[in-house]
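Chains, contacts and geometry: an overview
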Amino acid sequence: MTLRAAPNPQGDAEWLEAATDQAIAACGGNARDAVKALIVANEFLESEVSSGYVRGLRHGRVKTYNG
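Residues numbered from 1 in each chain as written. Predicted model: local features only at pLDDT ≥ 70, side-chain atom pairs only at ≥ 80, totals over all residues. Heavy atoms only, no water.

1. Some thoughts on helix α1 (residues 9–26)
Its 18 residues give α1 an end-to-end C-alpha distance of 25 Å, which sits within 8% of 26 Å, the value for a rise of 1.5 Å per residue. Residues of α1 that are buried: G11, A19 and A23. Down the axis of α1, the sector holding all buried residues measures 100°, keeping them to one side. Away from its buried face by more than 90 degrees, α1 exposes P9, Q10, E17 and A25. Residue G28 follows α1 closely and has a positive phi angle near 70°. (Helix = DSSP H or I, 4+ residues; strand = E, 2+ residues; numbered from the N terminus. Expected span 1.5 Å × (residues − 1). Buried < 20%, exposed > 50% of the residue type's maximum accessible area, 1.4 Å probe, protein only. Arc of directions from axis to C-beta.)

What follows is the structure, given as C-alpha cells:
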C-alpha cells in the first residue's frame, strides 16, 4: 500500500476496493483468512513502530515536548 497526499473520496473508495480484492485473492479467496492476515500484519507494524520509537528515545533521536 502506498501513501497519497490529498484525500480523494472517489479514488480512495476505488483504491480500497482494489486493495480488498487483492488481500482476499492473496488468501486464496478466503475473506476470513485475509482478515486474519491483516490483523497479524497490523500487530507486527504496531510492534515495529513502538520498538523503533523506544530505540529513538534511548538514543536521543525522538524529541519530546512537555506542555
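Here the narrative resumes.
2. Considerations on the pattern of salt bridges
Inspection of the entire model under this criterion finds 1 salt bridge. Here K36 ties to D33 by a salt bridge, and the two come within 3.5 Å at their closest N and O atoms. Residue K36 and its partner D33 are located together in helix α2 (residues 31–58), separated by 3 residues, close to a single helical turn. Exposure remark for K36: the relative accessible area of 45% places this residue in the partly exposed category. (Salt bridge = Lys/Arg side-chain N within 4 Å of Asp/Glu carboxyl O.)

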